[in-house]
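As a plain string of letters, each chain reads:
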Amino acid sequence: MRRRPAVAGYFYEGRRDALLEQIRGCFLSPHGPGELPDPDGPETSSIPPPVLVSPHAGYMYSGPVAAHGYLELSKRRRPRTVVVVGPNHYGIGTEVSIYPGGHWITPLGEVEIDRELASSLAELSQLFSLDELSHSREHSIEVQVPFLQFVYRRGFKFLPVCMLDQSREAAEEVGRALAEAIPHPEDFVVIASSDFTHYEPHDEAVRRDMPVIERILALDVAGFYREMERRDATLCGYGGIAAVMEYARRKGYIGSKLLKYATSGDVSGDRSSVVGYASIAFYKM
């Protein structure tokens, strides 16, 4: 199986050289961290990499915010496998789908699917399906891969998890299964892919998003769902966020930090109707 890119040339540049330059620009953007990852960063550090929440819009809008999280990854131990949990925007496929095997392709090359972890998760919970269809058009997971390839240039395995069912119950089950299937968190990176409030004025997006982000930082899954409903917050990948919160809580990640929040209006200058983006990290030590 070879999953070819669905949004290359649209959400991000479709040619290798142009994409590398675009990603460098995200790191060095006024809204980015202002520095590039060290390509010779830690290989064997005992400090586990953080668990991340990362945005998934077009790189011109959300790429600089995402770069903050990926810079954090570059400073910690390199993982064996990266798990990305994203929403299913298109409503096709199964309730919670794991891509079963083979390779994902981007303009930067191929990434091997961790078949062993895929099988372990499918055995741990009947909620999961091994399914390609759910992933065929979905961009939320795909847009994370070039950033990962840029940071981890010497290779890693990959596991995409696509959530159509984003209920609290499903999210907690995904987080529980991940925590059980991953015995050594220092060898894994787990990322939730989500944007925040959609198509509201800038100030209103901030008003809705910040109280929700406070619940995320507190690893309070129940409070996160309550606050989203209370604020009418329109996060698209809330199930993935809750799943990685549950995973982080179970694995003893006790520190958290909002690395960057911005909206599309910060980039475009048009603040009349924006999408919110946040880069959030959970730390084990």
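Located above this text is the structure these notes cover.
Scoring rules and cut-offs
- Residues numbered from 1 in each chain as written.
- Predicted model: local features only at pLDDT ≥ 70, side-chain atom pairs only at ≥ 80, totals over all residues.
- Heavy atoms only, no water.
- Helix = DSSP H or I, 4+ residues; strand = E, 2+ residues; numbered from the N terminus.
- Buried < 20%, exposed > 50% of the residue type's maximum accessible area, 1.4 Å probe, protein only.
- Core = buried A, V, L, I, M, F, W, Y, C linked by side-chain atoms within 4.5 Å.
- Contact = heavy atoms within 4.5 Å.
- Axes fitted to C-alpha atoms, helices over the stretch in contact; angles between N-to-C directions.
- Parallel < 35°, antiparallel > 145°, perpendicular 65-115°, else oblique.
- Left-handed = near helix turned anticlockwise from the far one by under 90°.
- Nonpolar A, V, L, I, M, F, W, Y, C, P; charged D, E, K, R; others polar.
- Lys, Arg positive; Asp, Glu negative; His and termini not counted.
- Salt bridge = Lys/Arg side-chain N within 4 Å of Asp/Glu carboxyl O.
- Polar contact = N/O pair within 3.5 Å; in protein donor to acceptor, adjacent residues only side chain to side chain.
- Phe/Tyr/Trp six-rings, centres within 6.5 Å; stacked < 30°, edge-to-face > 60°.
- Patch = residues over 30% accessible without salt bridge, like charges linked within 9 Å, V, L, I, M, F, W, Y side chains within 5 Å.
- Areas by Shrake-Rupley, 256 points an atom, 1.4 Å probe, with all protein chains shown as cover.
- Disulfide = S-S within 2.5 Å.

Participant: Which residues make up unusual backbone geometry, and what values do they have?
Facilitator: Positive phi is not limited to glycine here, since L219 has a value of about 55 degrees. Mapped onto the elements, L219 comes out in the loop between α7 (202–217) and α8 (221–231). The exposure class of L219 is buried, given its relative accessible area of 15%.

Participant: Please provide a residue-by-residue account of the nonpolar core, values included.
Facilitator: Ranked by size, the top nonpolar core spans 87 residues in total, and within it F224 and F282 carry the most contacts. Discounting residues that sit within four places of it in the chain, F224 has contacts with V212, R215, I216, L235, Y238, I241, A242 and M245. Among the nonpolar cores identified, the runner-up in size contains five residues, and A57, V65, A262 and V275 belong to it.

Participant: Which residues make up the packing of helix α6 (residues 168–181) against helix α9 (residues 238–250), and what are the values?
Facilitator: Between two packed helices, both the angle of their axes relative to each other and the distance between the axes serve to describe the pair. In the contact formed by α6 and α9, the axes pass within 7 Å of each other and the chain directions differ by 40 degrees. By the criterion of interaxial angle, the relationship of α6 to α9 is oblique. The element α6 and its partner α9 pack so that their crossing is right-handed. Between α6, through A171, E172, V174, G175, R176, L178 and A179, and α9, the contact on the second element is made entirely by G239, A242, A243, E246, Y247 and R250. Partitioned by chemical class, the residues of the contact of α6 with α9 number seven nonpolar, two polar and four charged.

Participant: Tell me about the side chain of D131, and name the residues and values.
Facilitator: Its place among the elements puts D131 in the loop between β7 (128–130) and α4 (139–142). Nearest to the buried, unbridged D131 among oppositely charged side chains is R3, at 11 Å. Residue contacts for D131: discarding those within four places in its chain leaves G93, T94, S97, I98, Y99 and P100.

Participant: Break down the side chain of E138 for me, citing the residues and quoting the values.
Facilitator: Of note, E138 is situated in the loop between β7 and α4. Despite its burial, E138 remains without a salt bridge, the nearest opposite charge being carried by R3 at 7.5 Å. Polar side-chain contacts of E138 include one of 3.0 Å to the backbone nitrogen of S140. Look past the residues within four positions of E138 in its chain and what remains in contact with it is R3, P87, N88, H89, Y90 and C162.

Participant: Before we move on, can you summarise the packing of aromatic side chains with the specific residues and values?
Facilitator: One pass over the full model with this rule turns up 12 aromatic pairs. Ring centres of W104 and F158 lie 5.3 Å apart, and the angle between their planes is 70 degrees; on these two criteria the pair is classed as edge-to-face. Here the residue W104 occupies a position in strand β5 (residues 103–106), and F158 occupies one in strand β8 (residues 157–163), the gap between them amounting to 54 residues. We note that W104, like F158, is buried.

Participant: I'd like a rundown of the environment of R215, residues and numbers included.
Facilitator: Looking at where R215 falls in the secondary structure, it is placed in helix α7. Judged by relative accessible area, which is 27%, R215 ranks as partly exposed. Taking the C-alpha atoms as reference points, R215 and R226, separated by 11 residues in sequence, lie 9.4 Å from one another. Setting aside its immediate chain neighbours within four residues, R215 contacts D220, G223, F224, E227 and M245.

Participant: Lay out a nonpolar patch on the surface in plain terms, naming residues and giving numbers.
Facilitator: A cluster of nonpolar side chains, M60, Y61 and V267, forms an exposed patch at the surface whose accessible area comes to about 260 Å². Structurally, Y61 is set in helix α2 (residues 59–74).

Participant: Run through the state of the cysteines, naming residues and quoting values.
Facilitator: Taken as a whole and assessed by the stated rule, the structure comprises zero disulfides. Distance from the sulfur of C26, which forms no disulfide, to the nearest cysteine sulfur (C236) is 18 Å. Left unpaired, C162 is separated from the closest cysteine sulfur, that of C236, by 11 Å. Under the relative-accessibility criterion, C162 is labelled buried at 0%.

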